[in-house]
Amino acid sequence: MNLPSLDEPNLAGGRIQRSSSLVEDVYEAIFAQLMSLKIAPGSRITVDSLVKEFNVSHTPIREALGRLEGEGLVLKTHLIGYRAAPQITKRRFDELYELRLLLEPHGAAKAAALMDEVKLAQLQESAGVMARREGKDERLRYSNFARQDAIFHDKVMEFANNELVRETLAHQHTHFHIFRLMFHSRVTEEALDEHEAILAAFAAADPAAAEQAMRRHIEHSRDRLLLTFD
């Protein structure tokens, strides 16, 4: 397929840049629109419209939407097509945070007790704070940080050595759904500060401090996003 040179993906939509994986580029562009609420929760997603917007064929669009369906961000209905997943309810929000507070602080404590330099380096990379300090971006793109946050928390659970807990949290697609509640830079900046506190506890291999820092992070995340239900 012969495609023209395309511009970098952006939250306002438009053409996307071709790389080694066109499907990946299309996925990233649609993901960004879902996270920034350009594609509103519950709204219909028309394949033909995306084909025109991104100037690509139907195939990468459908493959990207299939991947997003697997992540719980897109729903497909027979004979109707695709739509963005609806926004989570207040009850679901409360349940997700109750689950996280039961599992993640304890997992952080276990991970801290088992911490080593290799694990710490992986957590530092996934936490997003290194990119901020290096000044590569004045503010990490919201949609990218939503994914980074999910990876960071998943890594913590991986290093806690409880695969059942890790799978339970991952299955909820918690981070993608909660980040769609509020498209605001404050969510990213404050979360990065909290990640730094968690990393400091991991660097000190201090289970009690890691548990406290993780609990504070999750509680603050909950309180930031509760405003959307007012």
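Quick caveat, the model's predicted, so the values are computed rather than measured. (Residues numbered from 1 in each chain as written. Predicted model: local features only at pLDDT ≥ 70, side-chain atom pairs only at ≥ 80, totals over all residues. Heavy atoms only, no water.)

### Concerning the pairing of strand S3 (residues 81–84)
Judged from the two bridges that link them, strand S1 (residues 44–45) and S3 form a sheet pairing that is antiparallel. Bridge pairing in S3 places Ile 45 opposite Tyr 82. Here strand S2 (residues 74–77) runs beside S3; their pairing, made up of four bridges, is antiparallel. Each residue of the ladder has a partner; that of Val 74, found in S3, is Ala 84. (Pairing = 2+ DSSP bridges. Helix = DSSP H or I, 4+ residues; strand = E, 2+ residues; numbered from the N terminus.)

### Re the confidence of the model for the chain
Looking at the chain as a whole, its pLDDT mean stands at 85, while 85% of the residues score no less than 70. Overall, residues 1–12 carries pLDDT values under 50, and its contacts beyond four positions in sequence, including any with other chains, amount to 34 contacts. (pLDDT = per-residue confidence, 0-100. Contact = heavy atoms within 4.5 Å.)

### As for the nonpolar core
Ranked by size, the top nonpolar core spans 62 residues in total, and within it Ile 30 and Phe 202 carry the most contacts. When residues of this core are assigned to their parent elements, the largest contribution, eight residues, is made by helix H1 (residues 22–35). Not counting the four nearest positions on each side in its chain, Ile 30 is found in contact with Ile 39, Leu 50, Phe 54, Ala 64, Leu 65 and Leu 68. (Core = buried A, V, L, I, M, F, W, Y, C linked by side-chain atoms within 4.5 Å. Buried < 20%, exposed > 50% of the residue type's maximum accessible area, 1.4 Å probe, protein only.)

### Side note on unusual backbone geometry
With a phi angle near 60°, Asn 55 is a residue other than glycine that sits in the positive phi range. Among the secondary structure elements, Asn 55 is positioned in the loop between helix H2 (47–54) and helix H3 (58–70). Relative accessible area serves as the criterion here: at 27%, Asn 55 is assigned to the partly exposed category. Even without glycine at this site, His 173 takes up a positive phi of about 50°.

### Structural notes on H1
The end-to-end C-alpha distance of H1, which contains 14 residues, comes to 20 Å, matching closely the 20 Å that a straight helix rising 1.5 Å per residue would cover. Of all the 14 residues making up H1, 11 are buried; the element is thus mostly covered by neighbouring parts of the structure. Among the residues of H1, those classed as buried are Leu 22, Asp 25, Val 26, Tyr 27, Ala 29, Ile 30, Phe 31, Ala 32, Gln 33, Leu 34 and Met 35. Two residues or fewer after H1 comes Leu 37, characterised by a positive phi angle close to 70°. (Expected span 1.5 Å × (residues − 1).)

### Points about the packing of aromatic side chains
In the structure shown here, the tally under the stated rule is five aromatic pairs. With 5.1 Å between their ring centres and 75° between their planes, Phe 31 and Phe 176 make a pair best called edge-to-face. You can see Phe 31 sitting in helix H1 and its partner Phe 176 sitting in helix H9 (residues 174–179), a full 145 residues away along the chain. Summarising the burial analysis for this pair, Phe 31 and Phe 176 share the class buried. Arranged with centres 4.8 Å apart and planes meeting at 45°, the rings of Phe 93 and Tyr 97 form a pair that is tilted. Taken together, the residues Phe 93 and Tyr 97, both in helix H4 (residues 90–113) and four residues apart, mark about one turn of the helix. Phe 93 gets classed as buried once you look at its relative accessible area, which sits at 0%. Judged by its relative accessible area of 1%, Tyr 97 falls in the buried class. Among the aromatic residues, those joined into a ring-pair cluster are Tyr 27, Phe 31 and Phe 176. One cation-aromatic arrangement involves Arg 147 over Phe 31; the distance from NZ or CZ to the ring centre is 4.2 Å. (Phe/Tyr/Trp six-rings, centres within 6.5 Å; stacked < 30°, edge-to-face > 60°. Lys NZ or Arg CZ within 6 Å of the ring centre and 35° of its normal.)

### Quick word on the environment of Leu 227
Inspection of the secondary structure assignment puts Leu 227 in the segment after helix H11 (207–226). Judged by relative accessible area, Leu 227 falls into the partly exposed class, the value being 49%. The sequence separation of Leu 227 and Leu 181 amounts to 46 residues, and the corresponding C-alpha distance is 9.3 Å. Setting aside its immediate chain neighbours within four residues, Leu 227 contacts Met 182 and Arg 186.

### As for the packing of H4 against H11
Following both chains from N to C, one finds H4 and H11 inclined at 160°, their axes separated by 7 Å at the closest point. In terms of their interaxial angle, H4 and H11 are classed as roughly antiparallel. Crossing hand, H4 versus H11: right-handed. For the contact of H4 with H11, the residue count by class is 14 nonpolar, two polar and eight charged. (Axes fitted to C-alpha atoms, helices over the stretch in contact; angles between N-to-C directions. Parallel < 35°, antiparallel > 145°, perpendicular 65-115°, else oblique. Left-handed = near helix turned anticlockwise from the far one by under 90°. Nonpolar A, V, L, I, M, F, W, Y, C, P; charged D, E, K, R; others polar.)

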